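So you can see what is in the structure, the chains are spelled out below.
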Amino acid sequence: MPGMKDHDTDLATRIVHHDYLPPVGFVAPQPGVYKASTVIFPNVAAMRTREWKDKSGYTYGLHGTPTTFILEERLCTLEGGLQCVLVPSGLAAIANVALALLKPGDEVLIPDNAYGPSKDLANGELARFGITHVLYDPLDPTDLAARITPATKLVWLEAPGSVTMEFPDLCEQVRICRARGITTALDNTWGAGLAFAPFDLTGDGSLGVDISAHALTKYPSGGGDVLMGSVITRDLALHMKIKLTHMRLGLGVGVNDAEAVLRSLPSIGLRYRAHDEAARTLAQWMQQQPAIAQVLHPALAGSPGHDHWKALCGAAQGGPGAAAGLFSVMIDARFTQDQVDLFCDSLRLFKLGYSWGGPMSLVVPYQLASMRARSSAHLQPGTLVRFSIGLESVEDLQQDLQQAMERAFSLA
Ligand SMILES: *Cc1c(COP(=O)(O)O)cnc(C)c1O
């Protein structure tokens, strides 16, 4: 039936190439969600000449859409940077930086308390590509300085360190690297652009990191339901290196995920403060508990690097300063691993799970001995448990901790 086929073909074509355009000028609180792998060009000349490396136009979904451009610009504002690439996870941000800047024979310095998978990347792919890495003591800038060699091309910084929460002298670390012409990359997931300004550490524009990598999975998402990362810079040439590697590796992000982060971003400051206040209340309360040998939270006096936190995160002038909603405790060494596991299993509101920054409080017991290259004299002996404080009632969380400690650590 040729007639019917013609009609079907015609209909199919008209639906694909439909000529209705909505009126321009639509304005709403949230930006539009533009989804594309393919981007349409008006003619061959435009296709040949369209620039993909900046935001002057569109070439392919991987290189950006209005939605991802808007998110990139807002993240630049959050962190005080000028250029941004979006990647599918925080770990991808770390990998993008390494693969953009390092080549065989180069060396990268990583703090001993770095985010664990960053060390795994160095032990795995980087080692396989002939790139060596050296772990340095994050609490001793002279150790960092001593480990820099002519092969050192990149220094990773983290403030505070993962899990053990030591706050380094970030300013001194950056000064040391800068004096030797070495690129610095900060894992800024904890600070999130809110606790301190990574590109302006001294407040007078004279000192900052070169690169800020951020796991948007945490506070920018805020929901525990999105994986994304960003790499932000203030130097166009450095950004272009990262962007070229980003393109060649194909590290695009899903637009629905970009939309989710855009939706959460306006409330990041309020959420960060709420997580901070609740975490400090609970961390201080945990300090009073007999089963707890040490509480690791940079805003608590006596926590490793507290004075550096105080100087950098706004508490030096007598205000409260800013911190993320994370802390760890060292459960006294007189308790067994089984008791610590029972404590974690007994928690009802705190759920067992990785990551942080979402509304639900989380807990993870860690086996620290396998995670650190050097001994940690600043840590009490015991078993480490890390808490991420969500947005539940602080009283309810405190009661939950109390009942789980009574169950697991009662000495009766
Ligand atoms: C979570 C986290 C990452 C990795 O982010 P993902 O999106 O989970 O890959 C990197 N660094 C730090 C400090 C983190 O907490």
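Here we take up the domain arrangement of the protein. Per the domain assignment, the segments of the protein are domain 1 (44–267) and domain 2 (268–409). Opposite the 40 residues of domain 1 that make contact, domain 2 presents 35 residues. Carbon and sulfur atoms make up 63% of the area that domain 1 and domain 2 hide from each other, which totals about 3100 Å². If you sort the residues of domain 1 by the area they bury against domain 2, V163, W190 and Y219 come out on top, with a joint share of 26%. For the interface between domain 1 and domain 2, the tally reads 0 salt bridges. One can count 15 residue pairs in polar contact (both at pLDDT 80 or more) joining domain 1 with domain 2. Sorting the residues of the side of domain 1 that touches domain 2 by element identifies β3 (132–136), α6 (141–147) and α7 (170–179) as the ones contributing at least two each. Counted by class, the side of domain 1 that touches domain 2 contains 21 nonpolar, 11 polar and 8 charged residues.

In this structure, S230 sits in strand β7 (residues 229–233). Assessed through its relative accessible area of 0%, S230 is described here as buried. Leaving out residues up to four positions away in the same chain, S230 has contacts with L75, E79, C84, V85, L86, V87, A93, S212, A213, H214 and L216.

Rules and cut-offs
- Residues numbered from 1 in each chain as written.
- Predicted model: local features only at pLDDT ≥ 70, side-chain atom pairs only at ≥ 80, totals over all residues.
- Heavy atoms only, no water.
- Domains from an automatic or database assignment.
- Contact = heavy atoms within 4.5 Å.
- Buried area = accessible area lost by both parts, 1.4 Å probe.
- Salt bridge = Lys/Arg side-chain N within 4 Å of Asp/Glu carboxyl O.
- Polar contact = N/O pair within 3.5 Å; in protein donor to acceptor, adjacent residues only side chain to side chain.
- Helix = DSSP H or I, 4+ residues; strand = E, 2+ residues; numbered from the N terminus.
- Nonpolar A, V, L, I, M, F, W, Y, C, P; charged D, E, K, R; others polar.
- Buried < 20%, exposed > 50% of the residue type's maximum accessible area, 1.4 Å probe, protein only.

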